[in-house]
Amino acid sequence: MAETKKRTNPFTFFGQVRAEGRKVTWTSRQETIAATIMVLIMVVFASIFFLLTDWVVSALVKLITGI
């Protein structure tokens, strides 16, 4: 038989949420900027890769089908 959990007072709940939020280690501004730059670089590389892949597949399909 499943146990029913005791309901928590909203003020207690929000107090617990604030306490957990204080435990979080937030990234510094410099770490956030570095991570953003790395993501942008990877997006550029992925875009170039998919562009080249699309061109190659398109050329092969045109070659095979004779279109």
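The written sequence of each chain sets the order in which its residues are numbered from 1. Local features in this predicted model are restricted to residues whose pLDDT is 70 or higher, and side-chain atom pairs enter the listing and the counts only when it is 80 or higher, whereas totals over whole chains, interfaces and linings include all residues. Side-chain descriptors were evaluated using all non-hydrogen atoms of the structure, hydrogens and water having been removed beforehand.

1. Focus on the environment of L60
For the record, the criterion: The way it works is that DSSP assigns letters per residue, a run of H or I at least four long becomes a helix, a run of E at least two long becomes a strand, and they are numbered from the N terminus.
Looking at the element boundaries, L60 is found in helix α2 (residues 29–65). Measuring from C-alpha to C-alpha, the distance between L60 and L40 comes to 30 Å, with 20 residues separating the pair along the chain.

2. Observations concerning α2
As a reminder, the rule being used: Take the number of residues in a helix, subtract one, and multiply by 1.5 Å to get its expected span.
Taking 1.5 Å of rise per residue, 37 residues should cover 54 Å, and α2 covers 53 Å from first to last C-alpha, within 8% of that figure. In the segment just after α2, G66 is the residue with positive phi, at about 75°.

3. Some remarks on helix α1 (residues 10–23)
Formally: Between N or O atoms, a polar contact is any pair within 3.5 Å; within protein, one atom must be a potential hydrogen donor and the other a potential acceptor, and residues adjacent in sequence are included only when both atoms are from side chains.
With 14 residues, α1 extends 20 Å between its outermost C-alpha atoms, agreeing within 8% with the 20 Å of an ideal straight helix rising 1.5 Å per residue. For α1, the side-chain oxygen to backbone nitrogen distance between the N-cap and F11 is 2.9 Å, and the N-cap itself is N9.

4. A few points about the environment of E3
Keep this limit in mind: When a residue's accessible area, from a 1.4 Å probe over protein chains only, is under 20% of the maximum for its type it is buried; when over 50% it is exposed; and in between it is partly exposed.
In this fold, E3 is placed in the segment before α1. Owing to a relative accessible area of 78%, E3 belongs among the exposed residues under this scheme. Sequence separation of E3 and S28 is 25 residues, and the distance between their C-alpha atoms is 42 Å.

5. Let's talk about the environment of A46
Relative to the helices and strands, A46 is located in helix α2. Taking C-alpha positions, A46 is 22 Å from E31, a pair spaced 15 residues apart along the chain.

6. A short note on the packing of aromatic side chains
Going by this rule: Pairing of aromatic rings covers Phe, Tyr and Trp, the last counted by its six-membered ring, and requires centre-to-centre distances within 6.5 Å; plane angles under 30 degrees mean stacked, over 60 mean edge-to-face, and any other angle means tilted.
For the coordinates displayed, the defined rule picks out 2 aromatic pairs. Taking 5.4 Å as the distance between ring centres and 70° as the angle between the ring planes, the aromatic pair formed by F13 and F14 counts as edge-to-face. Ring geometry for F49 and F50: centres 5.1 Å apart, planes at 70°, overall edge-to-face. For F50, a relative accessible area of 55% corresponds to the exposed category.

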